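Listed here are the chains, written in short residue letters.
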Amino acid sequence: MVGDEMPGNERVSAAEAMRQATEQLTELLGRRPESVSALRPTDDGWEAAIEVVELERIPETASVMASYEVALDAAGQLLGYKRGRRYTRAQIDRNEGSRS
C-alpha cells in the first residue's frame, strides 16, 4: 500500500550510510572507527564492515584491530552490530584479492 508509506522511508546515500554507521558505532563502543572496509545496500537498508582499533600498541603495526559487521535501516539508523574477526594492524588477509 503505497499511500501508507511514511515520508522518511527513503534510502540514505552510501556516503550518509557510512557516516551514520561510524557515528553510531563510535557512540556504542566508545572508540572511533578507523575505516569502513565494505558497504552494500540490502533490501532493508545497508550492511557495512567497519574496522576499529581494539587495543593500541607500540609500534602501531602491533595494535589489535577488529572488524564489525553493522546493519542499518534505509534511513541510516543502526539496527545491530557484531564483532567479527580480530587481527593485528600489520596482518595481511591473504584470501582477499585472490579472485580475478
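Residues numbered from 1 in each chain as written. Predicted model: local features only at pLDDT ≥ 70, side-chain atom pairs only at ≥ 80, totals over all residues. Heavy atoms only, no water.

Asks: Whenever I open this one, the overall build of the chain confuses me. Can you help?
Replies: A tally of helices and strands in the chain yields 1 helix and 4 strands. The order of helices and strands in the chain, counted from the N terminus, is α-β-β-β-β. A total of 100 residues make up the chain; the buried ones form 32% of that total. For the chain, the share of sequence-separated contacts (at least 6 apart) that also reach a separation of at least 24 residues comes to 40%. On the chain, roughly 7,100 Å² of surface is accessible, and the fraction owed to carbon and sulfur atoms is 47%. (Helix = DSSP H or I, 4+ residues; strand = E, 2+ residues; numbered from the N terminus. Buried < 20%, exposed > 50% of the residue type's maximum accessible area, 1.4 Å probe, protein only. Contact = heavy atoms within 4.5 Å. Areas by Shrake-Rupley, 256 points an atom, 1.4 Å probe, with all protein chains shown as cover.)

Asks: Hey, could you run me through helix α1 (residues 14–29) in this one?
Replies: An α-helix turns once every 3.6 residues. As a result, residues three or four positions apart point the same way. The end-to-end C-alpha distance of α1 is 22 Å, a good match for the 22 Å that 16 residues give at a rise of 1.5 Å each. For α1, the set of buried residues is Ala 17, Gln 20, Ala 21, Thr 22, Gln 24, Leu 25, Thr 26 and Leu 29. Positioned one or two residues after α1, Gly 30 has a phi angle of 75°, which is positive. (Expected span 1.5 Å × (residues − 1).)

Asks: Any chance you could explain the nonpolar core here in plain terms?
Replies: Nonpolar side chains in soluble globular proteins generally cluster together in the buried interior. In terms of nonpolar packing, the biggest core is built from 14 residues, with Leu 25, Ile 50, Val 52, Tyr 68, Val 70 and Leu 72 touching the most fellow members. Listed by contribution, the elements that provide at least two residues to this core are α1, β2 (45–55) and β3 (64–73). Sequence-distant contacts of Val 52, defined by excluding residues within four places in its chain, comprise Leu 25, Leu 29, Arg 31, Pro 33, Glu 34, Val 64, Met 65, Ala 66 and Tyr 68. (Core = buried A, V, L, I, M, F, W, Y, C linked by side-chain atoms within 4.5 Å.)

Asks: What should I look at first to understand the sheet that holds β3 in this one?
Replies: By definition, the strands of a sheet pair up through backbone hydrogen bonds, in either a parallel or an antiparallel sense. Spatially, β1-β2-β3-β4 is the arrangement adopted by the 4 strands of the open sheet, whose pairing is antiparallel. Either end of the sheet is taken by a strand with one partner, and the two such strands are β1 (35–41) and β4 (78–88). Sheet twist, expressed as the mean angle between neighbouring strand axes with direction ignored, is 20°. (Pairing = 2+ DSSP bridges. Axes fitted to C-alpha atoms, helices over the stretch in contact; angles between N-to-C directions.)

Asks: I'm lost on the pattern of salt bridges in this one. Help?
Replies: Where charged atoms from two side chains of opposite charge come close, those side chains can pair. Summed over the entire model, instances satisfying the criterion amount to 6 salt bridges. Between Glu 54 and Arg 83 there is a salt bridge, with its nearest N and O atoms 2.9 Å apart. Remark: Arg 83 occurs in strand β4 and Glu 54 occurs in strand β2; sequence separation between them is 29 residues. Residue Glu 54 is classed as buried on the basis of its relative accessible area, which comes to 15%. A single network of salt bridges, built from pairs that share partners, joins Arg 31, Glu 54, Arg 83 and Arg 86. (Salt bridge = Lys/Arg side-chain N within 4 Å of Asp/Glu carboxyl O.)

Asks: How do you make sense of the pairing of β2 when you look at a structure like this?
Replies: Remember that side chains alternate between the two faces of the sheet whenever the strand is regular. β2 sits mainly inside the fold: 9 of its 11 residues count as buried. Two elements, β1 and β2, share 6 bridges in a ladder whose sense is antiparallel. Its bridge partner being in β2, Ser 35 is matched across the sheet by Glu 51. The turn linking β1 back onto β2 is made up of 3 residues.

Asks: Whenever I open this one, the packing of aromatic side chains confuses me. Can you help?
Replies: By convention here, two paired aromatic rings are described through the distance between centres and the angle between planes. Counted according to the given criterion, the structure contains 1 aromatic pair. Centroid distance Tyr 68 to Tyr 81: 5.9 Å. Interplanar angle 50°. Geometry classified as tilted. One end of the pair, Tyr 68, is in strand β3; the other, Tyr 81, is in strand β4, and 13 residues separate them in sequence. Overall, the relative accessible area of 5% leaves Tyr 68 in the buried class. A relative accessible area of 38% places Tyr 81 in the partly exposed class. (Phe/Tyr/Trp six-rings, centres within 6.5 Å; stacked < 30°, edge-to-face > 60°.)

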